[in-house]
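The lines below spell out each chain.
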Amino acid sequence: MYTPKIAVIGSINMDLVTTAPRFPAVGETLLGSGFAQFMGGKGANQAVAAARLGAEVALVGAVGDDAFGRELLAGLQEQGVDTAAVKTLANTPTGMANITVAEADNHIIVVSGANFGLTVADIEAQEALIAAADVVLSQLEIPLPCVEAAAALAQKHGKPFILNPAPAQRLPESLLAASSLLTPNAHELAISLGLPEHTAAHDLFAAANHRVVMTCGADGALYYDPQAGLCQQPGFAVQAVDSTGAGDTFNAALAVYWPLGLPQAVRHACAAAALSVTRMGAQGGMPSAAALAAFLA
Ligand code: ADP
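Predicted model only: the values in this text are computed from it and were never measured.

Scoring rules and cut-offs
- Residues numbered from 1 in each chain as written.
- Predicted model: local features only at pLDDT ≥ 70, side-chain atom pairs only at ≥ 80, totals over all residues.
- Heavy atoms only, no water.
- Near = heavy atom within 4 Å.
- Polar contact = N/O pair within 3.5 Å; in protein donor to acceptor, adjacent residues only side chain to side chain.
- Areas by Shrake-Rupley, 256 points an atom, 1.4 Å probe, with all protein chains shown as cover.
- Buried < 20%, exposed > 50% of the residue type's maximum accessible area, 1.4 Å probe, protein only.
- Helix = DSSP H or I, 4+ residues; strand = E, 2+ residues; numbered from the N terminus.
- Pairing = 2+ DSSP bridges.
- Right-handed = clockwise from strand over helix to strand, strands pointing away.
- Phe/Tyr/Trp six-rings, centres within 6.5 Å; stacked < 30°, edge-to-face > 60°.
- Salt bridge = Lys/Arg side-chain N within 4 Å of Asp/Glu carboxyl O.
- 1 Å grid on protein atoms, 1.4 Å probe; cavity = no way out; pocket = protein on both sides within 12 Å on 5 of 7 lines; lining within 4 Å.
- Points joined across faces, edges and corners; volume = space filled by probe spheres on them.
- Nonpolar A, V, L, I, M, F, W, Y, C, P; charged D, E, K, R; others polar.
- Axes fitted to C-alpha atoms, helices over the stretch in contact; angles between N-to-C directions.
- Parallel < 35°, antiparallel > 145°, perpendicular 65-115°, else oblique.
- Contact = heavy atoms within 4.5 Å.

Considering the site of the ligand
- The ligand sits among 16 residues. The nearest are Asn185, Thr215, Gly217, Gly220 and Ala273.
- Between Thr215 and the ligand, the recorded distance is 3.1 Å, taken from a side-chain N or O atom to an oxygen atom.
- In the model, an oxygen atom of the ligand is placed 2.7 Å from a nitrogen or oxygen of the Gly217 main chain.
- In isolation the ligand exposes 550 Å². Once the protein is present, 78% of that is buried.

Structure representation (structure tokens):
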């Protein structure tokens, strides 16, 4: 059986989620109603989602030499992710997201910590890992030069490089050129290209040389087919409970099913992401290959 090898170059965070009856005013101390911590960071989430789908996954990233870092490494290994290329940094905290949920809304502060201690030399040291991968997957929660170095190595070895351009920032032309595919939502795509927010999808795709799969929430995703032009993969109708992690599951599935060709990869990605929104938490709903196959049968 073919097992795809995926190299994920990205962030690792501990998500600290506090629930409260309302948001505190400035200077106010409020008693919260609950607390939980979850493994997060787009890199870690996409690595775990790809591993659930049966891929052989290696993650390149960084954590701090602290309790969160150790817990995250153990958690990733438990999910079958190879963490040999995750470095542990002294004197830098593990990345964390401080999330307060109240009034059906949230406030989030992300401290990048060790994620921004990752260097170009760290990425270049993993050239063999990138050369051995079938697909290389990255996001923008690590320093941009690291993403650029990963893209350059993927290109050098003829490997597809999928870039999930989130959180959005204007991308250098060279990175756009080195990426096989971008996987933004409409807002992220406009920012990535430095174009106005409400630019028509057709024009956004043209500006990115059509190497885009644009996610559209419950409406699925748009992709470009050289024969048919802009195509829509409709969303799969599900009972949505929590959309956290849908984008990460989408990216992982796209990488895992890349060898099937873009239309089939996008169909699998939409189905995997739809399954992920039916359960609570970023990683709670990430499907196995068997669950995905059953859903698509
Ligand atoms: P992001 O959170 O990055 O903007 P989206 O909300 O577009 O990402 O979700 C990513 C993918 O997850 C979508 O392309 C779609 O396939 C799937 N998805 C998201 N929300 C739903 C939903 N309510 N029902 C079915 N699929 C969904």
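Topic: the pairing of strand E9 (residues 135-139)
- With respect to burial, E9 is a largely interior element, five of its five residues being buried.
- Across the two faces of E9 the burial is the same, with Val135, Leu137 and Gln139 and Val136 and Ser138 all buried.
- Pairing of strand E1 (residues 5-9) with E9, which is carried by four bridges, proceeds in the parallel orientation. In the sheet register, Ile9 faces E9, and the bridge partner there is Ser138.
- Two elements, E9 and strand E10 (residues 161-164), share four bridges in a ladder whose sense is parallel. If you follow Ser138 over to E10, its bridge partner there is Leu163.
- Chirality of the crossover, the property in question, places the unit of E9, helix H5 (residues 144-156) and E10 among those that are right-handed.

Topic: the packing of aromatic side chains
- Overall, the coordinates contain one aromatic pair when judged by the stated rule.
- Seen in terms of ring centroids, Phe236 and Phe295 are 5.5 Å apart; in terms of plane orientation they differ by 55 degrees. Their pairing is tilted. You can see Phe236 sitting in the loop between strand E14 (229-233) and helix H9 (246-256) and its partner Phe295 sitting in helix H11 (residues 289-296), a full 59 residues away along the chain.
- Overall, Phe295 belongs to the partly exposed group, its relative accessible area being 29%.

Describing the pattern of salt bridges
- Inspection of every chain in the model, using the stated rule, returns four salt bridges.
- Salt-bridge contacts for Lys87 lead to Asp122; the nearest nitrogen and oxygen are separated by 2.5 Å. Taken as a pair, Lys87 in strand E6 (residues 86-89) and Asp122 in helix H3 (residues 120-124) lie far apart in primary sequence, 35 residues in all.
- Ionic pairing is found between Lys156 and Glu127, a salt bridge with its closest N-O pair at 2.7 Å. Here Lys156, found in helix H5, pairs with Glu127, found in helix H4 (residues 127-132); they are 29 residues apart in sequence, far enough to count as distant.

Description of the layout of surface pockets
- Roughly 190 Å³ of internal volume is contained in the second largest pocket.
- Considering only residue class, the lining of the second largest pocket consists of nine nonpolar, two polar and no charged.

Quick look at the packing of helix H10 (residues 262-276) against H11
- The interhelical angle for the contact between H10 and H11, taken along N-to-C directions, is 105 degrees, at an axis separation of 10 Å. It follows that H10 is roughly perpendicular to H11 by the angle criterion. Contacts between H10 and H11 involve Arg267, His268, Ala271, Ala272 and Leu275 from the first element and Ala291, Leu292, Phe295 and Leu296 from the second.
- Considering only residue class, the contact of H10 with H11 consists of seven nonpolar, one polar and one charged.

Honestly, that's just the spatial picture; any functional story needs more than this.
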